[in-house]
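Understanding the architecture of this molecule
In case you want the letters, here they are:
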Amino acid sequence: MTVPTAPPPQRPSGVREVIGYNWPMYVAGLSAVAGGLALAPRLPRVPATLARTGALSAAALLLGSTAACWWVYDHSELYSLDWLSDLLPDGPGDHLVLSTGLDETSRPLAVRHPGSDQTVVDLYDPALTTEGSIRRARRRVPPRPGTLPGLPSRLPVATGSQDTVFAVFAAHELRRATDREALFAEITRTLRPGGTLVLVEHLRDRSNTAAFGPGAWHFLPRHEWLRLADGAGLHIITETRIANLVAVFAFRRSPA
């Protein structure tokens with residue numbers, strides 16, 4: 001099914017939206033900062049030092065992660081899709097866009113490639129995508145008209161019908177490995193021989209841990225994406241970075 005007409009461009013989520021989606025984390029962090037600084041003068045020297053250190057660490061984490069969000073989502077080429085020209089010089093062709101509650105990829109793709117046939121499938125399921133930030137994001141950015149509901153194990157797309165599948169910040173929201181494995185198998189099924197999966201994700205690595213602290217554990221390590229692709233019969237053809245914090249993988253289905 002084709003999503004009808006390319007609507008006017010809409011500003012994608014930046015640091016303001018990220019704060020809105022994750023406001024409980026910011027409230028908790030600011031409370032830790034305020035609490036530690038307020039308690040420190042009332043405590044003996046060693047506990048006071050620990051309280052101040054904890055407060056300053058929490059403040060540094062909040063500032064650092066917010067700056068990283070601004071760098072990636074407001075400042076980098078992530079949402080302009082300029083990086084896609086080198087990856088898919090002939091365009092995406094017939095393509096499938098997957099989301100798990102927040103779709104900010106299909107609209108700029110439709111604007112950039114108005115002649116391509118686009119299908120959008122939303123995998124959002126509160127039982128599978130359990131993060132509160134996704135629920136809040138979905139309330140603020142509802143699915144586009146024409147978006148189809150789907151399951152990781154059953155995408156409503158014909159076998160071998162897609163030249164490209166896009167999974168942008170979507171697959172990591174499936175927290176169970178079995179769901180991710182089912183999704184990758186379905187992606188392979190929908191791709192034509194020689195078709196490409198474009199996977200865009202933060203990774204659980206040093207750069208993201210330095211930027212997001214414990215929050216980086218919500219991301220998945222690089223070897224997990226390689227494992228999933230290999231298990232689904234997809235081989236990696238390129239891997240690049242955006243703003244040093246976002247990995248862009250291109251996996252290809254065998255042309256045979």
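So, here is what we can say about the structure in this document. Since this is a predicted model, take the numbers as computed values, not measurements.

Overview of the nonpolar core
- Judged by nonpolar contacts, the single largest core of 30 residues is most densely connected at Tyr73, Leu78, Trp83, Leu87, Phe166, Val198 and Val200.
- Among residues more than four places away in sequence, those in contact with Phe166 are Leu84, Leu88, Pro92, His95, Leu96, Val97, Leu98, Leu109 and Val198.
- Grouped together as the second largest cluster of nonpolar side chains are 28 residues, Leu123, Val165, Leu197 and Leu220 included.

Some thoughts on the pattern of salt bridges
- Enumeration according to the criterion identifies ten salt bridges in this entry.
- Between Glu186 and Arg189 there is a salt bridge, with its nearest N and O atoms 2.7 Å apart. Of this pair, Glu186 and Arg189 both sit in helix H7 (residues 177–190), three residues apart, roughly one helical turn.
- By relative accessible area, Glu186 is classed as buried at 11%.
- Look at Arg189 and you get partly exposed, because its relative accessible area is 25%.

Here we look at the sheet that holds strand E6 (residues 234–242)
- What the seven strands build is an open sheet, ordered E3-E2-E1-E4-E5-E7-E6; its pairing is mixed. Every interior strand has two partners, whereas the edge strands, strand E3 (148–149) and E6, have only one.
- As judged from the five bridges shared by strand E1 (residues 95–99) and strand E2 (residues 118–122), these two strands associate in the parallel manner. Bridge pairing links Leu98 to Val121 in E2.
- With respect to the sheet, helix H9 (residues 222–231) is in contact with strand E5 (191–201), E6 and strand E7 (246–253), its orientation differing from that of E7 by roughly 15°.

Points about the pairing of E7
- In terms of residue burial, E7 counts as a mostly covered element, since six of its eight residues are buried.
- One ladder, built from six bridges, connects E5 with E7; its direction is antiparallel. What sits directly across from Glu201, in E7, is Ala247.
- When E6 meets E7, the two strands line up antiparallel, connected through eight bridges. When the sheet's bridge partners are listed, Ile242 is paired in E7 with Val246.

Describing helix H3 (residues 45–75)
- For H3, built from 31 residues, the straight-helix expectation of 45 Å at 1.5 Å per residue is met to within 8% by its first-to-last C-alpha distance of 43 Å.
- Among the residues making up H3, those that are buried are Ala48, Ala51, Ala55, Ala58, Leu62, Ser65, Ala68, Cys69, Val72 and Tyr73.
- Against helix H1 (15–21), helix H2 (23–39), helix H8 (206–212) and E7 lie the buried residues of H3.

Description of the layout of surface pockets
- Estimated volume of the largest pocket: approximately 940 Å³.
- Forming the walls of the largest pocket are 40 residues, and the residues nearest its centre are Val18, Asn22, Tyr73, Ser133 and Phe219.
- Residues that form the lining of the largest pocket fall into these classes: 22 nonpolar, 13 polar and five charged.

Observations concerning H7
- Here H7 contains 14 residues, and its C-alpha end-to-end distance of 20 Å stays within 8% of the 20 Å for a straight helix at 1.5 Å per residue.
- If you check which residues of H7 are buried, you get Asp179, Arg180, Leu183, Phe184, Glu186, Ile187, Thr188 and Thr190.
- Elements in contact with the buried residues of H7: E1, strand E4 (162–168), E5, H9, E6 and E7.

Cut-off values and rules
- Residues numbered from 1 in each chain as written.
- Predicted model: local features only at pLDDT ≥ 70, side-chain atom pairs only at ≥ 80, totals over all residues.
- Heavy atoms only, no water.
- Core = buried A, V, L, I, M, F, W, Y, C linked by side-chain atoms within 4.5 Å.
- Buried < 20%, exposed > 50% of the residue type's maximum accessible area, 1.4 Å probe, protein only.
- Contact = heavy atoms within 4.5 Å.
- Salt bridge = Lys/Arg side-chain N within 4 Å of Asp/Glu carboxyl O.
- Helix = DSSP H or I, 4+ residues; strand = E, 2+ residues; numbered from the N terminus.
- Pairing = 2+ DSSP bridges.
- Axes fitted to C-alpha atoms, helices over the stretch in contact; angles between N-to-C directions.
- Expected span 1.5 Å × (residues − 1).
- 1 Å grid on protein atoms, 1.4 Å probe; cavity = no way out; pocket = protein on both sides within 12 Å on 5 of 7 lines; lining within 4 Å.
- Points joined across faces, edges and corners; volume = space filled by probe spheres on them.
- Nonpolar A, V, L, I, M, F, W, Y, C, P; charged D, E, K, R; others polar.

Everything listed here is a matter of coordinates, which is why it stays silent on function.
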